[in-house]
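An overview of the molecular structure
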Amino acid sequence: MASSTPTLEVRDAVKSYGEVKALQGVSMRIEAGQFMALLGPNGAGKSTLFQLLSGLFVPDAGAIAICGEDFLKKPTIGLAKLGVVFQQPTLDLDLSVTGNLRFHAALHGLGAEGRARIAPLLAQVGLGDAGDKICRTLSGGNRRKVELARALLHRPALLLMDEATVGLDPQSRTTLMALVKGLCRDQGLAVLWATHLVNEAEAADRVYVLHKGRKLTEGTPTEVVAASGCASLEEAFLKMTVPPAGAAPGGKPEEKAA
Ligand SMILES: Nc1ncnc2c1ncn2[C@@H]1O[C@H](COP(=O)(O)OP(=O)(O)O)[C@@H](O)[C@H]1O
Ligand SMILES: [Mg+2]
């Protein structure tokens, strides 16, 4: 519901790396249970936004609230509510699946109750019999599932998935996405799913198109297509992010059309 406290609220976030303006005033709101695709080509600023949301960088300007709490003033409160699967895999490949999750449980100070959640969570992601396996022996898709289970271990309200399906085969992609969508529906998890793949964005509740550090458009996939005047999200995305020959990219679609 639009009037309730959103799980994530970002207002006018700005972040530069020296001369590179990675985010130029990004605002975003995600409600509990919502699956938001952050769709943007390489270099759009998706990972930079994730780095701000996971506290790795502080924005140059702007505000971030997680479950209504000011993330910049009280980061530990927000971090406890946050699960993250980063673009670069971060498992310890020489530890077992359970070993990786136990380490995470210890980091979050979860104790016996948290450790007791490891086995059911692994079963939930389809790895019920893989707990003792060394992560190096797992397929890419199963490694990502371990990272998902780990990200969920401390019962986050907000899950950040940064291009989590890159390098996976189509079936593993579909399975991972279906798992996460089920968590939105059944547990009210809010999800920000960064991708450069239009077909993943098509399956989201909402799509937020980021390009050159700015929002180009936002809405349900149907709304975004309708507003673009295109026949598909793929066509709309290309129209927004790929310049016509001889024109500068990155304008809003209506500006480019003018
Ligand atoms: N640590 C960094 N130092 C300098 N420039 C960076 C750094 N990280 C990202 N950038 C630049 O910021 C822009 C946004 O990058 P990024 O957030 O990684 O985009 P995306 O995840 O959408 O591909 C790009 O121009 C990228 O080259
Ligand atoms: Mg990235």
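Definitions and limits used
- Residues numbered from 1 in each chain as written.
- Chains lettered and ligands numbered in written order.
- Predicted model: local features only at pLDDT ≥ 70, side-chain atom pairs only at ≥ 80, totals over all residues.
- Heavy atoms only, no water.
- Helix = DSSP H or I, 4+ residues; strand = E, 2+ residues; numbered from the N terminus.
- Buried < 20%, exposed > 50% of the residue type's maximum accessible area, 1.4 Å probe, protein only.
- Contact = heavy atoms within 4.5 Å.
- Areas by Shrake-Rupley, 256 points an atom, 1.4 Å probe, with all protein chains shown as cover.
- Lys, Arg positive; Asp, Glu negative; His and termini not counted.
- Charge placed at Lys NZ, Arg CZ, Asp CG, Glu CD.
- Pairing = 2+ DSSP bridges.
- Axes fitted to C-alpha atoms, helices over the stretch in contact; angles between N-to-C directions.
- Domains from an automatic or database assignment.
- Salt bridge = Lys/Arg side-chain N within 4 Å of Asp/Glu carboxyl O.
- Polar contact = N/O pair within 3.5 Å; in protein donor to acceptor, adjacent residues only side chain to side chain.
- Nonpolar A, V, L, I, M, F, W, Y, C, P; charged D, E, K, R; others polar.
- Donors = N, O, S within 2.8 Å, 3.2 Å for Na, K, Ca; no water.
- Phe/Tyr/Trp six-rings, centres within 6.5 Å; stacked < 30°, edge-to-face > 60°.

A separate point is the overall build of the protein chain. Scanning the protein chain from terminus to terminus reveals 11 helices and 10 strands. In terms of its C-alpha atoms, the protein chain occupies a principal-axis envelope of roughly 60 × 40 × 40 Å. Counting the 258 residues in the protein chain, one finds 46% classified as buried. A separation of at least 24 residues holds for 67% of the contacts in the protein chain among residues at least 6 apart in sequence. When the accessible surface of the protein chain is summed, it comes to about 12100 Å², and 53% of that surface belongs to carbon and sulfur atoms. The centroid of the 28 positive side-chain charges in the protein chain is displaced by 3 Å from the centroid of its 26 negative side-chain charges.

The next thing to look at is the sheet that holds strand β8 (residues 190-195). Hydrogen bonds along the backbone pair up the strands of a sheet, which may run parallel or antiparallel. The strand order across the open sheet built from six strands is β6-β7-β8-β3-β9-β10, with neighbouring strands paired in mixed fashion. One side of each edge strand has no neighbouring strand; the edge strands of this open sheet are β6 (82-85) and β10 (214-219). Strand-to-strand twist of the sheet, defined as the mean angle between neighbouring strand axes without regard to direction, takes the value 15°. Both strand β3 (residues 35-39) and strand β9 (residues 206-211) contribute to a ladder of four bridges, which runs parallel. Counted as the bridge partner of L38 is Y208 from β9. The sheet strands contacting helix α7 (residues 170-187) are β3, β7 (158-162) and β8, and the helix crosses β8 at an angle near 155°. Sitting on the sheet, helix α10 (residues 233-241) touches β3, β9 and β10, and the angle it makes with β9 is about 25°.

Segmentation of the protein chain into domains returns domain 1 (31-58 + 75-81 + 156-258) and domain 2 (91-155). Domain 1 and domain 2 are separated by 26 Å when their C-alpha centres are compared. Our enumeration of links across domain 1 and domain 2 arrives at zero salt bridges. Taken together, domain 1 and domain 2 are joined by one residue pair in polar contact (both at pLDDT 80 or more). Looking at which element gives the most residues to the side of domain 1 that touches domain 2, the answer is α7, with seven residues. For the side of domain 1 that touches domain 2, the class distribution of residues is 13 nonpolar, three polar and two charged.

Another point: the coordination of the magnesium ion (ligand 2). Looking at the magnesium ion (ligand 2), one finds its protein donor set to be S47 (OG) and Q87 (OE1), positioned 2.1 to 2.3 Å from the metal centre. With S47 in helix α1 (residues 46-53) and Q87 in the loop between β6 and α3 (97-107), this pair connects stretches of sequence that are 40 residues apart. By relative accessible area, which is 23% here, S47 ends up partly exposed.

Moving on: the pattern of salt bridges. According to the stated counting rule, one finds 13 salt bridges in the structure shown. With a shortest N-O distance of 3.4 Å, K74 and E69 are connected by a salt bridge. Overall, the relative accessible area of 42% leaves K74 in the partly exposed class. Here E147 makes a salt bridge to R144, at a shortest N to O gap of 2.6 Å. Of this pair, E147 and R144 both sit in helix α6 (residues 140-152), three residues apart, which is roughly one turn of that helix. For E147, a relative accessible area of 1% corresponds to the buried category. A residue is classified by how much of its surface remains accessible, and R144, at 6% relative accessible area, is buried. Several salt bridges share partner residues, and in doing so they unite E9, R29 and E31 into one network.

Our next topic: the packing of aromatic side chains. Per the counting criterion, the structure on display carries two aromatic pairs. With a centroid separation of 5.8 Å and an interplanar angle of 75°, the aromatic rings of Y17 and F57 are classed as edge-to-face. Within this pair, whereas Y17 is found in strand β1 (residues 8-17), its partner F57 is found in the loop between α1 and β4 (61-66), the two being separated by 40 residues in sequence. Y17 gets classed as partly exposed once you look at its relative accessible area, which sits at 34%. Their ring planes at 35° and their centres at 5.4 Å tell us that F35 and W193 sit as a pair that is tilted.

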